[in-house]
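Here is what each chain is made of, one letter per residue.
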Amino acid sequence: MPPMAHLTHCSWCRKKLARYDEVYRTLARLHDDMNIDGAPGEPVQIYLFAARRRVETLWTAPYSPERAEGYDFLFQSCSRECDNELLRILLDEGMSPKALD
């Protein structure tokens, strides 16, 4: 199985992430109103209505442990503040987020 791709920017503030930066990760579920352009296992842009903007996320691969747990997206944040804001928005979106770190 090929490895899942990784994000190069914070999902919330878009700060560039260096290879060994500490990141905060959050999983979320797809909801019925979402249209996804891209391929599973790759970075995709999704529109969050509660934030009125697009964010970058990884669409989990079909064989991944995250997908096996029922999660469709993996977000990365550069700080606890960005992660908390993203969690709040994902809750408002009804995407059942789960912080990993």
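What you are looking at is a predicted structure, and each value in this text was computed from that prediction instead of being measured. (Residues numbered from 1 in each chain as written. Predicted model: local features only at pLDDT ≥ 70, side-chain atom pairs only at ≥ 80, totals over all residues. Heavy atoms only, no water.)

*Asks:* Any details on the pattern of salt bridges? Residues and values, ideally.
*Replies:* Considering all chains together, one arrives at six salt bridges under this definition. Here K98 and E69 are joined by a salt bridge, their closest N and O atoms 3.1 Å apart. Of the two residues, K98 sits in strand β5 (residues 98-99) while E69 sits in the loop between α1 (65-68) and β4 (73-77), which places them 29 residues apart along the sequence. On the accessibility criterion, K98 (31% relative accessible area) is partly exposed. Residue E69 is classed as partly exposed on the basis of its relative accessible area of 43%. With its nearest N and O atoms 3.4 Å apart, the salt bridge here joins R88 to D92. Here D92 and R88 lie together in helix α2 (residues 80-93), a separation of four residues that amounts to about one turn. By relative accessible area, which is 40% here, R88 ends up partly exposed. Sharing partners across several salt bridges, the network here consists of E85, R88 and D92. (Salt bridge = Lys/Arg side-chain N within 4 Å of Asp/Glu carboxyl O. Helix = DSSP H or I, 4+ residues; strand = E, 2+ residues; numbered from the N terminus. Buried < 20%, exposed > 50% of the residue type's maximum accessible area, 1.4 Å probe, protein only.)

*Asks:* Break down the sheet that holds strand β2 (residues 43-48) for me, citing the residues and quoting the values.
*Replies:* In a beta sheet, neighbouring strands pair by backbone hydrogen bonds and run either parallel or antiparallel. One open sheet accounts for five strands, arranged β2-β3-β4-β1-β5; its pairing is antiparallel. Whereas interior strands pair on both sides, the edge strands pair on one side only; in this sheet they are β2 and β5. For strand β1 (residues 24-28) and β5, the ladder comprises two bridges, and the chain directions are antiparallel. Across the sheet, L27 pairs through a bridge with K98, a residue of β5. Running at roughly 5° to β1, α2 makes contact with β1, β2, β4 and β5 of the sheet. (Pairing = 2+ DSSP bridges. Contact = heavy atoms within 4.5 Å. Axes fitted to C-alpha atoms, helices over the stretch in contact; angles between N-to-C directions.)

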